[in-house]
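Descriptive analysis of the structure
Below, each chain spelled out in residue letters.
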There are 2 protein chains.
Amino acid sequence: MSASTSSASKPSTAASSVSAAAFVAAIRETAESVEQALDAFLPVEEGPLGRVVDAMRWSALAGGKRLRPFLVVAAADMFDAPRARSIRVGAAVEMIHCYSLIHDDLPAMDDSDLRRGRPSVHKKFDDATAILAGDALLTQAFEIVAAQETHPDGAVRCAVALELARAAGKAGMVGGQMIDIYAEQKDFDLEGVTQLQRLKTGALIRFSAVGGGLVGGASADEIAALGAYAEDLGLAFQIVDDILDATGDAAALGKPAGQDAEMDKATFIKLLGMDGARTKAADLVERCKSNLDRFGDRAGPLKGAADFVFERKS
Amino acid sequence: MSASTSSASKPSTAASSVSAAAFVAAIRETAESVEQALDAFLPVEEGPLGRVVDAMRWSALAGGKRLRPFLVVAAADMFDAPRARSIRVGAAVEMIHCYSLIHDDLPAMDDSDLRRGRPSVHKKFDDATAILAGDALLTQAFEIVAAQETHPDGAVRCAVALELARAAGKAGMVGGQMIDIYAEQKDFDLEGVTQLQRLKTGALIRFSAVGGGLVGGASADEIAALGAYAEDLGLAFQIVDDILDATGDAAALGKPAGQDAEMDKATFIKLLGMDGARTKAADLVERCKSNLDRFGDRAGPLKGAADFVFERKS
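Structural notes, computed from the coordinates. In every chain, residue numbers begin from 1 and rise along the written sequence. Chains carry letters from A onward and ligands carry numbers from 1 onward, assigned in written order. Residues qualify for local features only when their pLDDT is at least 70, as the model is predicted, and side-chain atom pairs are given and counted only at 80 or more; totals for whole chains, interfaces and linings, by contrast, use all residues. As a convention, hydrogens and water are excluded, and side-chain values are obtained from all of the structure's heavy atoms.

**Brief notes about the packing of helix H4 (residues 67-77) of chain B against helix H10 (residues 190-216) of chain B**
Residues and elements named next belong to chain B. Our working definition: Only the stretch in contact is used when fitting a helix axis, every axis being a line fitted to C-alpha atoms; angles between N-to-C directions are given from 0 to 180 degrees. Numbering of helices and strands runs from the N terminus, with a helix taken as a DSSP run of H or I at least four residues long and a strand as a DSSP run of E at least two residues long. Under this scheme an angle from 65 to 115 degrees is roughly perpendicular, one under 35 degrees roughly parallel, and one over 145 degrees roughly antiparallel; angles in between are oblique. In a left-handed crossing the near helix is turned counterclockwise from the far helix by less than a right angle, and in a right-handed crossing that turn is clockwise. In this analysis, two residues are considered to be in contact whenever any of their non-hydrogen atoms come within 4.5 Å of each other. When residues are sorted by character, Ala, Val, Leu, Ile, Met, Phe, Trp, Tyr, Cys and Pro go into the nonpolar class, Asp, Glu, Lys and Arg into the charged class, and all the rest, Gly among them, into the polar class.
Running from amino to carboxyl end, H4 crosses H10 at an angle of 30°, the nearest separation of the two axes being 7 Å. Put simply, H4 runs roughly parallel to H10. You can see that H4 and H10 cross each other, and the crossing is right-handed. Side by side, H4 and H10 meet where Arg68, Leu71, Val72, Ala75 and Ala76 of the first sit next to Leu204, Ile205, Ser208, Ala209, Gly212, Gly213, Val215 and Gly216 of the second. Partitioning the contact of H4 with H10 into residue classes produces eight nonpolar, four polar and one charged.

Below is the structure:
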């Protein structure tokens, strides 16, 4: 489903999102395309090399919503980018996301045995294989972005790689994980929690929308609007995550619930209360969509993603 | 010292290397430039973010020969590339090298407490910080390569990033580490040991010469010659490493000696004997230099690097 056909069937108001059913169909379609791309990027091998590939596949082909690739593809669709290009960038950001989950789950970090309802990589394989599988996914993400097939213009490919590296590195996701592990979170105020979220999960969500715009040839102004959208979206995503951790059950989440309170982590619920957190998330979702008004009906799928983030149950 | 001034003071024979003294001066000068670049890429920070930067600096600013950056710079010099560009690629490959040492030293992998004569990163900090510092160095290497300052042509930057990712990833260094950990090395024949070396240490050494050529604007034929040179050089480097492990002392090496035999690892010495290994390394050094004859006197520094690899004591 392209952005244009989805929006053609909707009332032509600037604020409209696609219908929930249309959004679910669109994110499923993207998830399938990304799954196929990841499968092709990670062909099964024999021997010790095969073991690290098996571990990469265990993480990368475990299903999931594939929200980040959807943001890439939906943003790129607004500028009529060929799907063959945007799916590659989507697969790259999903590899980065999966690497971060593998390393975060390690005993030396969050020590999580369960991920997406099944053993995490170090439980299924072992710690050394998990470390190396994460390293290889991180590395391959840049291999995919840098290759000619991603975009004929090397400057565009480099712009995507640069944004991806900044989002994933010490000034982004890695920095967020350091804060999550080492900061005295029980003393965090709203600014502290927001900063942690902005780095740990927000940077890669922001990249997804921006990376899609870049591979689609968006202007600097359009990239800025996509970035503003995704910053609010990422924050809403994390608040909903906190709500689900506090209220959800392990079966739906595919991981244990109630961990934040148990570990005395700084959360938006602790600081705002449950009602305050819900209101804040709703406000952010409305605000994030308003950043896309300039794109008219073409923004339907990205606005649908914002509604989905707010309404998700897992 | 540029390639042209160093070769001007030497007899103009195609087979000539620079003098040992000139080579030592040249590799020291490059090491200093790379150290300055790494220092600038890793500014000290406060708080939990500062902790991961401290760990990155502990690894990346620990001195060392900086052989890989020297190969980048010496190869790029042959094509008169501005040093500001080749030093960036050299710093990137050194970051990848350092990340691999940090992760390899972890208890889950080789469990090494000592690196370059001082505590390895996980001993100085802790396992989580070491994992994240490695991740951040790996990520930043691609950030550096992808940035405009590395080369005005995005296609050139992407070509460098692509080669670097291939050399570092599952079909290169990560794959080599998997074989090193999981293969039944005691049964390895010469082909098996060579394949292990080619991935684990050879791929990044090969990248260094090729990456220098790319950033210098070398032709496909010239890149192929640099690749052939560096493949033989990398193999010679590993054989000398095996010899030093068997005969060296911990003080000179900055790490425990005799580990290969203790762990019953497959080495060239085990398969060829000490004399056989020395002969093989010497043959490889001669052969690798012959690949550079087409470049005439400009190849003096790279030929000097080959002699240095053969004669090094640590």
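**Focus on the relation of the copies chain B and chain A**
For the record, the criterion: Superposing the copies works by least squares over the C-alpha atoms of residues that have pLDDT at least 70 in both of them.
Screw-axis analysis of chain B against chain A gives a translation of 0.0 Å along the axis, an RMSD of 0.0 Å, and a rotation angle of 180°. A rotation of that kind, with that shift, is consistent with a two-fold axis. Taking C-alpha positions as reference, the residue of chain B nearest the rotation axis is Gly154(B), located at 2.1 Å.

**Focus: helix H3 (residues 47-60) of chain B**
Residue and element names in this part refer to chain B. The line we're drawing: In this scheme, a helix's expected span is set at 1.5 Å multiplied by one less than its residue total. Buried, partly exposed and exposed residues are distinguished by accessible area as a fraction of the type maximum, computed with a 1.4 Å probe on protein chains only: under 20%, between the cut-offs, and over 50%, respectively.
Helix length check: H3 (14 residues) gives 20 Å between terminal C-alpha atoms against 20 Å at 1.5 Å per residue, within 8%. Within H3, 10 of the 14 residues are buried, which leaves the element mostly enclosed by the surrounding structure. Among the residues of H3, Leu49, Gly50, Val52, Val53, Ala55, Met56, Arg57, Trp58, Ser59 and Ala60 are the ones counted as buried.

**A few points about the nonpolar core**
Note on soluble globular proteins: their nonpolar side chains tend to be buried together. Basically, it comes down to this: Joining through side-chain atoms within 4.5 Å is the link that ties buried Ala, Val, Leu, Ile, Met, Phe, Trp, Tyr and Cys residues into a set, and such a set is a nonpolar core.
Core analysis: the biggest nonpolar cluster contains 221 residues, and Ile96(A), Leu164(A), Tyr229(A), Ile96(B), Leu164(B) and Tyr229(B) have the highest contact counts within it. Beyond its immediate sequence surroundings of up to four residues, Tyr229(A) is in contact with Leu71(A), Ala209(A), Cys288(A), Asn291(A), Leu292(A), Leu302(A), Ala305(A) and Ala306(A).

**Describing the pattern of salt bridges**
Condition: Put simply, a salt bridge is a Lys or Arg side-chain nitrogen that is within 4 Å of an Asp or Glu carboxyl oxygen.
All told, the structure shown has 38 salt bridges over all chains when counted by the stated rule. The shortest N-O distance in the salt bridge between Arg206(A) and Glu163(A) comes to 3.9 Å. Placement of the pair is Arg206(A) in helix H10 (residues 190-216) and Glu163(A) in helix H8 (residues 154-168), with a sequence separation of 43 residues. Among the ionic pairs, Asp77(B) bridges to Arg83(B), the shortest N-O distance being 2.6 Å. Through salt bridges with shared partners, one network takes in Glu35(A), Arg66(A), Glu94(A) and Arg116(A).

**Details of unusual backbone geometry**
Glycine aside, residues mostly have negative phi angles, and peptide bonds mostly take the trans form. Residues and elements named next belong to chain B. A positive phi angle, near 60°, is found at arginine 66, a position not held by glycine. Although it is not a glycine, aspartate 111 sits at a positive phi angle of roughly 55°. Among the structural elements, aspartate 111 can be located in the loop between helix H5 (83-105) and strand S1 (114-115).

**Regarding the packing of aromatic side chains**
Cut-off, in case you're wondering: Note on aromatic contacts: the rings of Phe and Tyr and the six-membered ring of Trp form a pair at centre separations within 6.5 Å, being stacked when their planes are under 30 degrees apart, edge-to-face when over 60 apart, and tilted otherwise. Lysine and arginine charges are scored as sitting over a ring when NZ or CZ, respectively, is within 6 Å of the ring centre and within 35 degrees of the ring normal.
Inspection of every chain in the model, using the stated rule, returns seven aromatic pairs over all chains. Their ring planes at 10° and their centres at 4.7 Å tell us that Phe142(A) and Phe142(B) sit as a pair that is stacked. Of this pair, Phe142(A) sits in helix H7 (residues 127-146) while Phe142(B) sits in helix H7 (residues 127-146), placing the two residues on different chains. Looking at Phe142(A), the relative accessible area reads 2%, which means it is buried. When the centroid spacing of 5.9 Å and the interplanar angle of 90° are considered together, the rings of Phe79(B) and Phe295(B) count as edge-to-face. Taken together, the positions of Phe79(B) in the loop between H4 and H5 and Phe295(B) in the loop between helix H14 (268-290) and helix H15 (300-311) put the pair 216 residues apart, joining distant regions of the chain. Among the aromatic side chains, those forming a connected cluster through ring pairs are Phe23(A), Phe70(A) and Phe308(A). Above the plane of the ring of Trp58(A) lies Arg118(A), whose end atom (NZ or CZ) is 3.5 Å from the centre. Lying across the ring of Trp58(B), Lys124(B) places its NZ or CZ 4.5 Å from the centre.

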